[in-house]
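Survey of secondary and tertiary structure
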Amino acid sequence: MLRCSVVIPTYNRAELLRHTLHALTLQTLPREEFEVIVVDDGSDDGTAEVARAFEDRLNLRYSFREREGYRAAKTRNVGIFQAKAEVCVLFDCGVLPGSGCLRAHLASHAAAERPVAVTGYVFCYNFGGEDADLMNRTIDFGNPDATIAMLRANRQWLDMREDFYTKYGDDYGYLPAPWMNYWTCNVSARTDQLRAVGGFDEDFVAWGGEDIDLGYRLHRDGAYFVLNRDAVAIHSPHPKSESENNAEADANYRRMADRYRTPITRLLLSIPDVHFFNLNDIITLRGMPACADYLAAKARY
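Read on for an overview of the structure. Everything quoted here is computed from the prediction, not taken from an experiment.

Centre-to-centre distance and the angle between the planes together describe a pair of aromatic rings. Scanning all chains against the criterion turns up 11 aromatic pairs. On the numbers, 5.6 Å between centres and 45° between planes, the contact of F164 with F277 is tilted. You can see F164 sitting in helix α7 (residues 162-168) and its partner F277 sitting in the loop between α11 (263-266) and α12 (279-286), a full 113 residues away along the chain. Comparing F164 with F277, the two get one shared label, buried. Both rings, one in Y182 and one in F225, keep their centres 5.5 Å apart while their planes meet at 80°; by these two values the pair is edge-to-face. On the criterion of sequence distance, the pair formed by Y182 in the loop between α7 and β7 (186-190) and F225 in strand β8 (residues 224-235) is long-range, its members being 43 residues apart. Here the two residues Y182 and F225 agree in accessibility, since each one is buried. Positioned above the aromatic ring of F54, the side-chain terminus of R57 is 4.2 Å from the ring centre.

Listed below in structure tokens is the structure:
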């Protein structure tokens, strides 16, 4: 009866993992209909004990990998290739899904006549960790639904992509580069399609970009991108360095541009001078060919 596999990578974030797993115990989707796969990238902070403490409340499997440095892509792939369900839901460690989050992801897949790449809504996520202390005092970690209701009512700490959704709509799969929004803090896709496109590129060994790279390949493979606001979650704030993350992400964008060599992917080289939320406008105004069409034409000639 498994309907979805939840894949959570983690490294030395035992308390954040505890919050995520607790939120999963509150799902309206029955326990026997989803599995949770926690893949540990070499933690030494008691993460294993936290994961195993939930084995009596969740259908949970825990895998440990010896530490090789930052290997989020490889760690997620371990979970994807262990998954037993038709749909994989990908969360970051520290994301608190609302109680209806998994049901909402599955509803988007069930309603679609073609493969879809579903993005869930994420409150409290930002690149620089702004308001982290206030967020931590505001979030009721024991009751994510109550916090989500309050944040919605107050329009507080909205998903940082909200301006994008307001501009293009929640059904934005018609855009030439919808994969720019595919951030794996809270997304889903068909397990067989994730495997067919090769999963995450394991050569990404620094923060950022591996998720939109995956989204790009799902798009090329025919997935249609949608937002489901009912697949809602809270991103638990934690320390981060925006400047360091941006530097690593920029290097990964260059990797994508060099790998695919299409007019659209070369636009990634203009980040951060051009905000990535504006790339679809640039593509449209310049009349650029779709990546698949460009590569097909290049192969012919």
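Another aspect to go through is the sheet that holds strand β1 (residues 4-10). Taking strand neighbours across the sheet as the criterion, the 8 strands line up as β3-β2-β1-β4-β7-β6-β8-β5 in an open arrangement whose pairing is mixed. Single-partner strands in this sheet number two, and they are β3 (60-64) and β5 (95-97). Shown here is a sheet whose adjacent strand axes are inclined to one another by a mean of 30°, direction ignored. Sheet topology note: the strand β4 (residues 87-91)/β7 ladder contains 5 bridges and is antiparallel. Bridge pairing links V87 to R190 in β7. Of the strands in this sheet, β1, β2 (34-40), β4, β5, β6 (116-123), β7 and β8 touch helix α4 (residues 101-111), which is tilted by about 175° from β8.

Reading guide: rules and limits
- Starting from 1, residues in each chain are numbered consecutively following that chain's sequence as written.
- Only residues with pLDDT of at least 70 get local features here, since the model is predicted, and only at 80 or more are side-chain atom pairs given and counted; chain-wide, interface and lining totals rely on the full set of residues.
- To obtain the side-chain values, all non-hydrogen atoms of the structure were included, while hydrogens and water were left out.
- Think of it this way: a Phe, Tyr or Trp ring, Trp meaning its six-membered ring, pairs with another when their centres are within 6.5 Å, and the plane angle makes it stacked under 30 degrees, edge-to-face over 60, tilted otherwise.
- Comment: elements are numbered from the N terminus, with helices defined as DSSP H or I runs of at least four residues and strands as E runs of at least two.
- The classification of residues rests on relative accessible area computed with a 1.4 Å probe and restricted to protein chains. Under 20% of the type maximum is buried, over 50% is exposed, and intermediate values are partly exposed.
- Charge-over-ring placement is defined geometrically: NZ (Lys) or CZ (Arg) within 6 Å of the ring centre, and within 35 degrees of the ring normal.
- For two strands to count as paired, DSSP must find a minimum of two bridges between them.
- Only the stretch in contact is used when fitting a helix axis, every axis being a line fitted to C-alpha atoms; angles between N-to-C directions are given from 0 to 180 degrees.
- Here, residues are in contact when the closest pair of their heavy atoms is within 4.5 Å.

Function-wise, these values are silent; they only describe arrangement.
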